[in-house]
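# Structure at a glance
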Amino acid sequence: MFFRNLTFFRFPTSLAKAFDELDARLEECKLKPVGPSELMSRGFISPFGRDDATMSHRVGDAIWITLGGEDRLLPGAVINDELGKRIAALEEKEGRKLGGRARKRLKEDLVMELLPRAFVRPTRTGATLDLQHGFIAVDASSRKSAENVVSELRHALGSFPALPLNAETSARGVLTGWIAGEPLPSGLVLGDECELKDPIDGGAVVKCQRQELLCDEIRKHLESGKQVSKLALILDDHVSFVLGEDLVVRKLKFLDGAVDQLENTDQDGLHAELDARYALMAGELKRLFAVLEPVLKFSPAEA
Amino acid sequence: MFLRLIRPAPPASETRLLALADGSEIPVRWVRDPRARRLRLIVSDKGARLTLPRGASQKLALAFLQEHRDWLAEQLARQPAATAAPFARGSQETLPLRGLELPIEWREGRFARAELGEHGVQLQLPERAGDAQARAALRDFYLGQARHDLGGWMPKYLPALPRPPSSFRLRPLSSIWGSLSPGDALSLDLSLVLGRPGAFEYVLVHELCHLIHANHSRSFWREVESRWPGWRAERDYLRGDGLALKARLSRLIG
C-alpha cells in the first residue's frame, strides 16, 4: 500500500473547501468496466479496494484517493500476424495485391474482432493530497501517468488548478552541493546511491549503487565537472528515497524506524491496518515536503 | 509499422549570392520545403534564409528577394557579429539577466555551480572543468532564474484560466518565443530571461491565453489585452532586440 514513487503537483491551499464533497464527485466518476470494443477505461475506485464503498479516505488534512483503470491487452504482433494471414488469403482469392485503404480497413475490422477476446489488465494509481501545504503526490514516476491522475481529478471536481512542481533554484546544483560536502537540511542524510552526469550534450553518465558517497572516487567525478542527477537520501531514519533533478521521488521506502510504530497498534482488520499505514505515510510525506520545500524553493500555487 | 522510424529527409538547400543596393553581395540560403505554403524570407543568427514551396518558380523567388532586399540589408545590419567566440572559462564579459548586465565572479570550488550573488553572477568551477562545463553551469543558472520568474508570475494568472498548463519547458528555441501544445504543455524560449522581464511575462501571458482561445482571433487578443495592456510595446521589443537575445544565449550556453 505504501507509495513507491512520488510525482508532486501544487494547488492553492484556499481550495481546501472544494474537497468537502469529494466523495460524491468521485462517485460520479467511478471506474466503469471496460466495454467489449473499448481499449481502456479510467475512473476512481476506493483506496481500500474495488469493492469498498468509500471513495476517499481522510486523515486530518490529508486525503487518499485512487485512480483505477482497465486496459485491454492486444499486442501489435498478434494483430500483425493475423492481418498478414488474412491479407495473403484475400490476395490469393482475388489474384491482386490489396491497396493501402483496403489493408487499413481490414486492420480496423480485425482489431474490433479481437478486442472482445483480449485480456483485461486492471491498474491502480494512488495519490495523496495535503491540504496544509497544498500538494498532491501521485504514486507514479512517469509524468504522463501522474498527469493522468490529476486530469481525471480535475474532470471529477470540475476545476482543479494544480501545477507541476516548480523549483525556483537548480535542483541539480543543490544535490551536487550536498554530495560535495555542503550541509544537508536537518533530518536528511545521504543514502548509498547516486547518478552523476556530465552536463554537456552526450556527456558521460556514472551510476553507482551501494556506494559510500562522500569518498575520493565521487570527488574526482565532481572535479571533472559532473553533476548529480539522482541522489539517494534518508529522512529521520524513517524514509529512504532517490530524489531526481526532475523533482520526482523514486524508490520510496519506509524504514523500520517508521514501520515499527505500526506494529504497536492493536487495531484489527484490513480497514484499520490500511488507515494506520496511510496515516503514517501522510505524516512522513508532509515532513518530507516541509524539509525539501525551503531548500529547493518550491513555488507556491497562490499569490 | 517501420515507416514511423524513418525520418523525413531535410529539405534540399543551396546557398546563392544576392546583390544588395550598395553593390555588396550577401549569401542567402535557398531551401525548397514541400511543407512550405508560401515564399518566406527570414534572418536568424545563421544568416538569411529563403524558403520556397514545392511549386514556386525561380523567377518569382528572385523577384521576391529583389523586392525585400533593402529590408534584408537592414535586418542583417542589426545582427550581432556572427564571428563572436563561444563563452569560455575565465571570460571577463558581463552576463545579461532580466535586461541588466551583471559582472561575473569566477571562483574555484569542488563542483560546478552558478549562482546569483550580491554583485553579480558567481560562477564556481572545479579545477579540471573546461569551457563546456562553464557553459552548462550557465545554462543551469538561466534555467533556475527563468523558473524563479515563472513561479512568481503563475499564481497571479492561474485563477482566471480554464485549466493550468500540463507542463512547463524552458529551452532555447530557434525562431519562436513560446508555444502551447494541444496537450497544454507550455514551451518557452530560455533567452527570454536575458531580456527585460516585461517581455518574458508578456510571452507567458500570450501562451496562457491560448488555453482560453487556441488561435489568434480578436477574442484571444482581448484576453491578452485585459491581462497585459502594454503587450504591443513588448512585442515590438522582441521584434527589435529578440534575435540578438537568441544569438547571445546560443553563444553563452552553446
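Refer to the structure presented above.
Residues numbered from 1 in each chain as written. Chains lettered and ligands numbered in written order. Predicted model: local features only at pLDDT ≥ 70, side-chain atom pairs only at ≥ 80, totals over all residues. Heavy atoms only, no water.

### Considering the pattern of salt bridges
Residues and elements named next belong to chain A. Inspection of the entire model under this criterion finds 34 salt bridges over all chains. In this structure, Glu21 engages Arg25 in a salt bridge whose closest nitrogen and oxygen atoms are separated by 3.7 Å. Of the charged contacts, one joins Lys251 and Glu193 as a salt bridge, the two residues approaching to 2.7 Å between their closest N and O atoms. Within this pair, whereas Lys251 is found in strand β12 (residues 249-254), its partner Glu193 is found in strand β8 (residues 188-197), the two being separated by 58 residues in sequence. Here Glu193 falls in the buried class, since its relative accessible area comes to 18%. (Salt bridge = Lys/Arg side-chain N within 4 Å of Asp/Glu carboxyl O. Helix = DSSP H or I, 4+ residues; strand = E, 2+ residues; numbered from the N terminus. Buried < 20%, exposed > 50% of the residue type's maximum accessible area, 1.4 Å probe, protein only.)

### Looking at the pairing of strand β11 (residues 239-244) of chain A
All names here are of chain A. With 6 of 6 residues buried, β11 lies mostly within the body of the structure. Two strands pair when backbone bridges link them, and strand β10 (residues 227-235) and β11 are joined in this way by 6 bridges, in the antiparallel orientation. Considered in β11, the bridge of Leu233 is made with Phe241. Taking the residues between adjacent antiparallel strands as the criterion, β10 and β11 are bridged by 3 residues, where Asp236 takes a positive phi near 55°. As judged from the 4 bridges shared by β11 and β12, these two strands associate in the antiparallel manner. Bridge pairing links Leu243 to Val249 in β12. Between β11 and β12, which pair antiparallel one after the other, the connecting turn spans 4 residues, and Leu247 there sits at a positive phi close to 70°. (Pairing = 2+ DSSP bridges.)

### Focus on the interface of chain A and chain B
Of the residues lining the interface, 35 residues belong to chain A; the matching set on chain B comes to 27 residues. Of the roughly 2,500 Å² buried at the junction of chain A and chain B (both faces included), carbon and sulfur atoms supply 57%. Of all residues in chain A, Leu163, Glu168 and Glu223 of chain A bury the most surface against chain B, accounting for 20% of the area lost on that side. The interface formed by chain A and chain B contains 1 salt bridge. The interface formed by chain A and chain B contains 8 residue pairs in polar contact (both at pLDDT 80 or more). Of all the secondary structure elements, the ones that give two or more residues to the side of chain A that touches chain B are α4 (143-157), β7 (163-164), α5 (171-179) and α6 (216-223) of chain A. Top element by residues in the side of chain A that touches chain B is α5 of chain A. It accounts for 5 residues. Residues belonging to the side of chain A that touches chain B are distributed by class as follows: 14 nonpolar, 12 polar and 9 charged. (Contact = heavy atoms within 4.5 Å. Buried area = accessible area lost by both parts, 1.4 Å probe. Polar contact = N/O pair within 3.5 Å; in protein donor to acceptor, adjacent residues only side chain to side chain. Nonpolar A, V, L, I, M, F, W, Y, C, P; charged D, E, K, R; others polar.)

Function cannot be read off these values alone, since they describe shape.
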